[in-house]
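Listed here are the chains, written in short residue letters.
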Amino acid sequence: MKKPMTMVAATIGAIVAFLASLRWLVRRRETTTWSEAKRPGEVVIVDGVAVHYVEKGRRDAPAIVMIHGFGGHTFSFRHQIAAFSSQYRVVAIDLKGFGYSERQPGGDYSLTAQAQLVLDTMSALGIDRAVLVGHSMGGEVVMRAAAMAPDRAEKLILVASVPGDRLPTLPRIGFMRPVAMATSRLISISAWRRMFYDRTKLDLKAIRNSYVAPLRIEGTEDALWEMYDDARRDKPIDYKRITAPVLILWAEKERVVPFANRSLKLLKKHFPSAEVVTIPETGHLVLEENPSASNAAIRAFLNTPESPAETVEAVETRV
């Protein structure tokens, strides 16, 4: 008698645990309105959208514009902003729907539209031409911007970037949204664990909190849901229109970019003249995990001498 009762209790416990996990996965986590969020930078209205950006450096200096990846924001570039602002006008931009930029209901969240938003934000800030830096998904955004306006991209730096080639995706179906959101949360948990090569050297709690904070802003999930559908309409990038010199900054232990080895090969194929630098013993958040080596590679590509205030370890491997 004890054995059947034990099995029943275990089954009930498993069901309760499953339902609790399911509730955790599907519940909304947005607790802050956009207007109430404490933003680290400034906001400029571009094409009717409030775009958040962080800027440092002289306004008359050469410009570097930095674009984050999926789930990232201006925080992703804090080490680079500090390192290069003594010699450049450094501007990190939050894409629409991400970071502390506005979540626009019914807006166009395709990567083509995001690229146009970057170009229009540059114009609004008085930046005619800049070095464009893109991390992960942001790499595709800056590639699209450079293809749309080749004269505005002085150089292109692709950090742990997706190659820009379309992956097949299923059509968006409304009733599948809760499942899609729950799945994305499970994927994000797994991906976070794979972002770094050596997690022991970083204050992961502080870093994670900084990445999660803007995800609490109302409208974030709506924007991501819109983006899923809008990005399916993006046309292929015309790589031949990109005339700027390219640096591909890669993480030796990349485990987040889909089909990492193939993605790197595609980037090299798209940009056969690109300089490729692999940072050893780093994961997808290479700028976070080894900012000194990353900054050294960027500085060498820009042919900019080291700032007296910065100590850089040149440990990168060149291909």
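Here we summarise the structure given alongside this text.

Counting its secondary structure elements, the protein contains 10 helices and nine strands. Across the 319 residues that make up the protein, the buried fraction comes to 52%. Intrachain contacts of the protein at a sequence separation of at least 6 include 76% that bridge at least 24 residues.

What follows deals with the layout of surface pockets. Approximately 160 Å³ is the volume attributed to the second largest pocket. What lines the second largest pocket is simply Pro40, Val54, His73, Thr74, Phe75, Arg78, Ile81, Tyr100, Ser210 and Ala213. Among the residues forming the lining of the second largest pocket, the class breakdown is six nonpolar, three polar and one charged.

On to empty space enclosed by the protein. Enumeration according to the criterion identifies three cavities of 30 Å³ or more in this entry. Roughly 40 Å³ of volume is contained in the largest cavity. Around the largest cavity sit Ser76, His135, Tyr211, Leu285, Val286, Leu287 and Glu288, which together line it. Grouping the amino acids of the lining of the largest cavity by side-chain chemistry returns four nonpolar, two polar and one charged.

Taken as a whole and judged by the stated rule, the model has eight salt bridges. One salt bridge in this structure joins Arg58 and Asp60, with 3.0 Å as the shortest N-O distance. Residue Asp60 is classed as exposed on the basis of its relative accessible area of 64%. For Arg144, the salt bridge identified is with Glu140, shortest N-O distance 3.0 Å. On the criterion of helical spacing, the pair formed by Arg144 and Glu140 is a turn pair, its members being four residues apart in helix H4 (residues 137–148). Side by side, Arg144 and Glu140 carry an identical accessibility label, which is buried. Residues participating in the shared-partner salt-bridge network are Glu55, Arg59 and Arg89.

Turning next to the nonpolar core. Burial of nonpolar side chains together is a common tendency in soluble globular proteins. Ranked by internal contacts, the top residues of the largest apolar core, which has 51 residues, are Val65, Leu132, Met143, Leu156 and Ile242. In terms of residue count, H4 provides more of this core than any other element does, seven residues in total. Those residues in contact with Met143 that lie beyond four places of it in its chain are Leu156, Leu158, Ser161, Val162, Pro163, Gly164, Ile237, Tyr239, Ile242, Leu267 and Phe271.

Buried residues of helix H8 (residues 260–270): Ala260, Ser263, Leu264, Leu266, Leu267 and His270, and no others. With its buried residues spanning 160° around the axis, H8 presents them on a single face. The outward face of H8, more than 90 degrees from its buried face, is lined by the exposed residues Asn261, Arg262, Lys265 and Lys269. Those residues of H8 hidden inside the fold are in contact with H4, strand E6 (153–159) and strand E7 (246–251).

Excluding glycine, a negative phi dihedral is what most residues carry, and trans is how most peptide bonds are arranged. You will see that Glu281, though not glycine, has its phi angle at about 55°, which is positive. Located in the positive-phi region is Asn303, a residue other than glycine, with phi close to 55°. Residue placement: Asn303 occurs in the loop between helix H10 (291–302) and strand E9 (317–318).

About the cut-offs
Residues numbered from 1 in each chain as written. Predicted model: local features only at pLDDT ≥ 70, side-chain atom pairs only at ≥ 80, totals over all residues. Heavy atoms only, no water. Helix = DSSP H or I, 4+ residues; strand = E, 2+ residues; numbered from the N terminus. Buried < 20%, exposed > 50% of the residue type's maximum accessible area, 1.4 Å probe, protein only. Contact = heavy atoms within 4.5 Å. 1 Å grid on protein atoms, 1.4 Å probe; cavity = no way out; pocket = protein on both sides within 12 Å on 5 of 7 lines; lining within 4 Å. Points joined across faces, edges and corners; volume = space filled by probe spheres on them. Nonpolar A, V, L, I, M, F, W, Y, C, P; charged D, E, K, R; others polar. Salt bridge = Lys/Arg side-chain N within 4 Å of Asp/Glu carboxyl O. Core = buried A, V, L, I, M, F, W, Y, C linked by side-chain atoms within 4.5 Å. Arc of directions from axis to C-beta.

These values are about where atoms sit, not about what they do.
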